[in-house]
Amino acid sequence: MNSGSVLVVPAIEKGRGGGHLARSAALVHALRSQNREAYLFGRFGSREQAFCNNLDSAWVLSDEKALQSRTWGFIVLDRFQTSQEEFARWSASAPLIGIDEGGDLRDRFDFLIDLLPGPPGGSAPNILDPRLLPLPARRRTSFYLDRKGRLLKTLVSFGAEDPENLTVPVCQALASPENTEITALFGVLNRSGDGIPRLAGVRTAEGIPELREHLAEYDLVITHFGLTAFECIHAGVPVALVSPGAYHEKLARHAGFMSAGIRAKGGNRLKELLYKKPSRSAGSPAVNEEFLKVLGELGERIGARYGLHENLREPYALGDLLGSYALHVPAACPACGSQERFNHRVLARFPDRTYRRCPRCGMAYMLRTCPPPIVYERDYFFDFYKKQYGKTYLEDFPNLIRNAKTRLTHIKAMLQSRGKGPLRLLDIGCAYGPFLAAAREEGFSPTGIDPAEDAVKYVQKELKIPAFQGFFPDTPLPDVLKAESFDAISLWYVIEHFEKPGEALGEIYRLLKPGGVLAFSTPSFSGVSARTSAAGFLEKSPQDHWTVWEPRYTGAILKRRGFTLKKTVISGHHPERFPLIGPLLTGKHGFLYGLCLQISSLFGLGDTFEAYAVKNRVDPGV
């Protein structure tokens with residue numbers, strides 16, 4: 001788990017507007033209100049400080065010494081497009097969360113949150129939700145208002161900076177005193193000239209405090225793709241866009257907005273759309289009411305697409321979301337220790353999880369925003385187990401005993417540590433002890449360990465087998481679990497639950513005798529389910545499965561920890577999960593089902609597998 005302060009780094013360079021800074025300052029303020037220690041990083045001039053919403057100066061850092069004096073839980077980069085140099089700098093300090101990240105390094109972030117939809121074809125974020133924006137409280141009941149002959153009240157706003165100077169040409173194109181009342185905003189970062197220009201037939205202002213709360217006062221808003229456009233959708237106000245460049249144009253169209261085009265050409269095109277050509281008897285153009293209706297229909301669709309018409313009952317903003325985070329992000333590969341985490345390819349992203357693959361050992365592993373909501377107690381083995389297998393753990397005991405005896409046959413066949421006295425076996429994650437019971441019947445002297453108190457008591461009292469309660473390998477255990485004291489150690493669907501399996505394997509190596517057997521089973525990332533849809537497989541993977549193993553990588557992973565893989569058994573064959581043909585299979589019988597079962601066995605398409613390895617007699621020194 002990552003603890004420590006939160007650092008927020010906004011884009012403040014010329015051409016980036018004021019939205020990133022205002023949003024970042026608001027985020028720091030929101031986190032502080034939740035008693036999270038958060039800071040804004042940057043060197044701000046007097047004009048930039050206006051966007052900091054009266055942020056306490058003690059919450060703003062601007063030098064390296066201040067950065068290095070704190071431990072960062074995570075760093076939020078609201079940088080628009082993070083450079084290679086920046087990424088290297090910040091990634092050396094803490095896990096990274098990217099906000100609306102559009103750079104080439106986007107997919108290397110631990111977590112991605114898009115408040116605004118990205119371009120088509122871009123890598124998917126963990127979360128895409130414009131409702132995390134600070135949306136306006138004042139809203140209209142409909143996009144369609146009867147103006148009853150009054151002028152069209154129009155707002156033109158291209159942000160705090162308007163680096164492409166869109167405001168002037170758009171206002172000049174649209175100015176029509178007979179039909180429209182135009183207000184143009186010139187932001188405090190607009191460096192295009194001295195003061196606010198005078199425009200015929202247009203009201204001009206430097207800005208409107210809390211602009212989003214005034215949007216509902218207008219019949220039409222002209223802006224570019226960004227915060228204001230989505231605020232308009234939530235406020236129920238028709239919005240038309242003019243893009244500062246091709247990138248914004250692509251974003252606008254992908255999100256479903258009407259964009260008239262780029263720069264001055266876009267303003268002229270908007271004029272053609274907004275006004276009907278005057279007839280010979282009329283000297284001024286009339287507002288095209290059909291065009292406003294189209295904008296309203298688009299607004300309805302965009303709002304429905306992103307949930308912007310909903311009234312959220314609970315607080316729902318970026319600060320609330322990040323304030324709940326307690327990141328679990330390993331600094332290195334949990335299996336082999338490779339420390340190039342940001343070079344580990346991202347396999348999939350979900351709201352609370354990211355999966356990466358280590359290029360050195362092949363292990364797929366999970367990063368989490370918060371601890372998994374799983375408690376290993378009675379409900380885990382009864383309610384959860386029954387939902388998956390149709391019966392409780394104890395009801396499934398006879399079947400588990402049968403499986404255990406098959407596994408024990410493999411273990412006994414490869415044991416190289418035989419000596420005087422009974423063979424000692426440790427079952428990690430023993431649950432209610434079916435493997436322990438089977439091992440005793442096969443002549444082993446078994447011992448179990450499990451975090452569930454109820455399960456351990458059952459093993460002790462009902463099965464009369466030694467068992468200890470605790471999380472392996474963290475829980476201090478008695479001397480009975482001393483170095484090189486076991487002939488075999490087993491973990492049946494347990495190894496994937498270790499946040500640091502490399503450390504667990506190191507402790508298992510210590511406890512096993514030379515030539516002793518390590519045996520475990522785990523879900524397979526090479527099975528038919530993962531082959532059909534890797535993202536779908538990972539999405540359904542239990543939230544406490546920190547690693548996802550594959551038979552092809554297991555031997556090399558174990559070798560690094562001092563074991564030699566001797567046998568792999570592919571299990572969990574499910575022909576009904578085959579793509580296309582699977583849904584046609586009814587029941588576990590019939591020629592077609594049997595054929596698919598043979599194919600699954602032949603090509604190793606089972607969704608689980610078992611691994612049997614022997615401890616080498618030379619310490620790997622990992």
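Every chain's residues receive numbers from 1 upward, in the order its sequence appears when written. Two thresholds apply to this predicted model, a pLDDT of at least 70 for residue-level local features and 80 or more for giving and counting side-chain atom pairs, whereas whole-chain, interface and lining totals are computed over all residues. As a rule here, side-chain values come from all non-hydrogen atoms in the structure, and water together with hydrogens is ignored.

Chemist: Residue-level account of the overall build of the chain, with values.
Modeler: In this text, helices come from DSSP runs of H or I with a minimum length of four residues, and strands from runs of E with a minimum of two, each type numbered from the N-terminal end. Counting secondary structure elements, the chain contains 19 helices and 26 strands. Along the first, second and third principal axes, the C-alpha set of the chain runs to 110 × 65 × 40 Å. Carbon together with sulfur atoms contributes 51% to the accessible area of the chain, which is approximately 28,500 Å² in total. The averaged location of the 67 negative side-chain charges in the chain is 4 Å from the averaged location of its 77 positive side-chain charges. Accessible surface area values rest on a Shrake-Rupley calculation with a 1.4 Å probe, where residue burial reflects the displayed protein chains alone. Charge assignment in this entry is limited to Lys and Arg as positive and Asp and Glu as negative, and neither His nor the chain termini are counted. In this description, the location of a charge corresponds to atom NZ of lysine, CZ of arginine, CG of aspartate or CD of glutamate.

Chemist: Hey, could you go over the side chain of Asp78 for me, with residue numbers and the actual values?
Modeler: Assignment of secondary structure puts Asp78 in strand 4 (residues 72-78). Here a polar contact is taken to be a pair of N or O atoms separated by no more than 3.5 Å, where protein atoms must pair a possible hydrogen donor with a possible acceptor and residues adjacent in sequence count only if both atoms sit in side chains. Polar side-chain contacts of Asp78 include one of 2.8 Å to the side chain of His20.

Chemist: Got a sec to walk through the pattern of salt bridges? Specific residues and values, please.
Modeler: Here, a salt bridge means any Lys or Arg side-chain nitrogen found within 4 Å of an Asp or Glu carboxyl oxygen. Taken as a whole and assessed by the stated rule, the structure comprises 29 salt bridges. Among the salt bridges present, the one from Arg89 reaches Glu64, with a minimum N-O distance of 2.1 Å. Here Arg89, found in helix 4 (residues 84-91), pairs with Glu64, found in helix 3 (residues 64-68); they are 25 residues apart in sequence, far enough to count as distant. Using a 1.4 Å probe on the protein chains alone, a residue whose accessible area is under 20% of its type maximum counts as buried, one over 50% counts as exposed, and one in between counts as partly exposed. A relative accessible area of 38% means that Glu64 is categorised as partly exposed. The shortest N-O distance in the salt bridge between Glu507 and Arg510 comes to 2.6 Å. Of this pair, Glu507 and Arg510 both sit in helix 15 (residues 501-511), 3 residues apart, which is roughly one turn of the helix. Since its relative accessible area comes to 35%, Arg510 is described here as partly exposed. If you follow the salt bridges from partner to partner, you end up with Arg23, Asp78 and Asp100 in one network.

Chemist: Mind laying out helix 9 (residues 289-306), listing which residues take part and the relevant values?
Modeler: Turn by turn, an α-helix covers 3.6 residues, leaving residues three or four places apart pointing in a common direction. If you check helix 9, its first and last C-alpha atoms are 26 Å apart, about what 18 residues at 1.5 Å a residue would give, namely 26 Å. Within helix 9, burial applies to Phe291, Leu292, Leu295, Gly296, Leu298, Gly299, Ile302, Gly303 and Tyr306. Buried positions in helix 9, seen along its axis, are confined to an arc of 165° and lie on one side of it. In helix 9, the exposed positions that point more than 90 degrees away from the buried face belong to Glu290, Arg301 and Ala304. Where helix 9 starts, the residue carrying a side-chain oxygen 3.1 Å from the main-chain nitrogen of Glu290 turns out to be Asn288. The first or second residue beyond helix 9 is Gly307, which carries a positive phi of 70°. By this rule the span expected of a helix is its residue count minus one, scaled by 1.5 Å. Taking the helix axis as origin, the arc is that swept by the directions to the C-beta atoms.

Chemist: Which residues make up the nonpolar core, and what values go with them?
Modeler: Core analysis: the biggest nonpolar cluster contains 88 residues, and Ile97, Ile113, Phe230, Phe257, Ile428 and Ile508 have the highest contact counts within it. In contact with Ile508, not counting residues within four places along its chain, are Ile428, Phe472, Ile489, Leu491, Leu518 and Phe563. The nonpolar core is taken to be a set of buried Ala, Val, Leu, Ile, Met, Phe, Trp, Tyr and Cys residues, with the residues joined through side-chain atoms within 4.5 Å. Counting 36 residues, the second largest nonpolar core, distinct from the first, contains Leu408, Ala438, Phe444 and Ile465. Two residues qualify as a contact provided that any one of their heavy atoms is within 4.5 Å of a heavy atom in the partner residue.

Chemist: Run through helix 6 (residues 227-235), naming residues and quoting values.
Modeler: Among the 9 residues in helix 6, 8 count as buried, and that is most of the element. Among the residues of helix 6, those classed as buried are Thr228, Ala229, Phe230, Glu231, Cys232, Ile233, His234 and Ala235. Tucked inside the fold, the buried residues of helix 6 contact strand 11 (220-223), strand 12 (239-243), helix 7 (246-255) and helix 9. One or two positions beyond helix 6, positive phi appears at Gly236, with a value near 75°.

Chemist: Hey, could you go over the sheet that holds strand 18 (residues 364-368) for me, with residue numbers and the actual values?
Modeler: Either a parallel or an antiparallel arrangement is found when strands of a sheet pair, and the pairing is made through backbone hydrogen bonds. Reading across from one edge, 16-17-18-24 is the order of the 4 strands in this open sheet, with antiparallel pairing throughout. Of all strands in the sheet, those bounded by a partner on one side alone are strand 16 (345-350) and strand 24 (547-548). Strand pairing is assigned whenever DSSP detects at least two bridges linking the two strands. In this sheet, strand 17 (residues 353-357) lies alongside strand 16 in antiparallel orientation, the contact comprising 5 bridges. The residue bridging Val346 from the neighbouring strand is Arg356, located in strand 17.

Chemist: Tell me about a nonpolar patch on the surface, residues and numbers included.
Modeler: Patch membership requires over 30% relative accessible area and the absence of a salt bridge. Like charges are linked within 9 Å, and nonpolar side chains (Val, Leu, Ile, Met, Phe, Trp, Tyr) within 5 Å. A cluster of nonpolar side chains, Phe591, Leu592, Leu595, Ile599, Leu602 and Phe603, forms an exposed patch at the surface whose accessible area comes to about 640 Å². For Ile599, the position within the fold is in helix 19 (residues 591-602).

Chemist: Give me the environment of Lys293: which residues, what numbers.
Modeler: Tracing the backbone shows Lys293 in helix 9. Measuring from C-alpha to C-alpha, the distance between Lys293 and Gly15 comes to 33 Å, with 278 residues separating the pair along the chain.

Chemist: Would you mind going over the packing of aromatic side chains in detail, with residue names and values included?
Modeler: A pair of Phe, Tyr and Trp rings is counted when the ring centres sit within 6.5 Å of each other, with Trp represented by its six-membered ring. The angle between the planes then sorts it: under 30 degrees is stacked, over 60 is edge-to-face, the rest tilted. Applying the stated rule across the entire model yields 18 aromatic pairs. On the basis of an interplanar angle of 75° and a centroid distance of 5.3 Å, the ring pair of Phe41 and Trp90 is categorised as edge-to-face. Here the residue Phe41 occupies a position in strand 2 (residues 38-41), and Trp90 occupies one in helix 4, the gap between them amounting to 49 residues. Every member of this aromatic cluster is reached through a ring pair, and the members are Phe225, Phe230, Phe257 and Tyr306. In this structure, Arg32 is placed above the aromatic ring of Tyr39, and the distance from its NZ or CZ to the ring centre is 4.7 Å. The rule is short: NZ of Lys or CZ of Arg within 6 Å of the ring centre and within 35 degrees of the ring normal puts a charge over the ring. Over the aromatic face of Phe486 sits the side chain of Arg424, whose NZ or CZ is 4.3 Å from the ring centroid.

Chemist: Lay out the sheet that holds strand 1 (residues 5-10) in plain terms, naming residues and giving numbers.
Modeler: Spatially, 3-2-1-4-5-6-7 is the arrangement adopted by the 7 strands of the open sheet, whose pairing is parallel. For this open sheet the edge positions go to strand 3 (60-61) and strand 7 (127-128), each flanked by a neighbour on one side alone. This element, helix 4, spans strand 1, strand 2, strand 4 and strand 5 (96-99) of the sheet and lies at about 140° to strand 5. Comment: axis = line fitted to C-alpha atoms, over the contacting stretch for helices; angle = value between 0 and 180 degrees taken between N-to-C directions.

Chemist: Outline unusual backbone geometry, supporting the account with residue identities and numerical values.
Modeler: Geometrically, the link from Phe472 to Pro473 is a cis peptide bond, its omega value of 0° lying close to zero. For Pro473, the position within the fold is in the loop between strand 21 (467-469) and strand 22 (486-492). The phi torsion at Asn165 lies on the positive side, around 55°, for a residue other than glycine. Within the secondary structure, Asn165 is located in the loop between strand 8 (152-157) and helix 5 (167-174). Relative accessible area serves as the criterion here: at 31%, Asn165 is assigned to the partly exposed category. Backbone geometry at Arg263 places phi at a positive 55°, although glycine is not the residue there. On the secondary structure map, Arg263 appears in helix 8 (residues 263-274).

Chemist: Tell me about the packing of helix 12 (residues 397-414) against helix 13 (residues 434-441), residues and numbers included.
Modeler: Helix 13 packs onto helix 12 with a crossing angle of 55° between their chain directions and a minimal axis gap of 8 Å. On the basis of the axis angle, helix 12 is oblique to helix 13. Considering only the axes of helix 12 and helix 13, their crossing is right-handed. Each of Phe397, Leu400, Ile401, Ala404, Lys405, Arg407, Leu408 and Ile411 in helix 12 lies in contact with helix 13, whose residues at this interface are Pro434, Phe435, Ala437, Ala438, Ala439 and Glu441. In this classification, the charged set is Asp, Glu, Lys and Arg, the nonpolar set is Ala, Val, Leu, Ile, Met, Phe, Trp, Tyr, Cys and Pro, and all remaining amino acids, among them Gly, are polar. Here the contact of helix 12 with helix 13 is built from residues that sort into 11 nonpolar, no polar and 3 charged. Oblique is the label for every angle not falling under 35 degrees (roughly parallel), over 145 degrees (roughly antiparallel), or within 65 to 115 degrees (roughly perpendicular). Should the near helix be turned counterclockwise from the far one by less than a right angle, the crossing is left-handed, whereas a clockwise turn marks it as right-handed.

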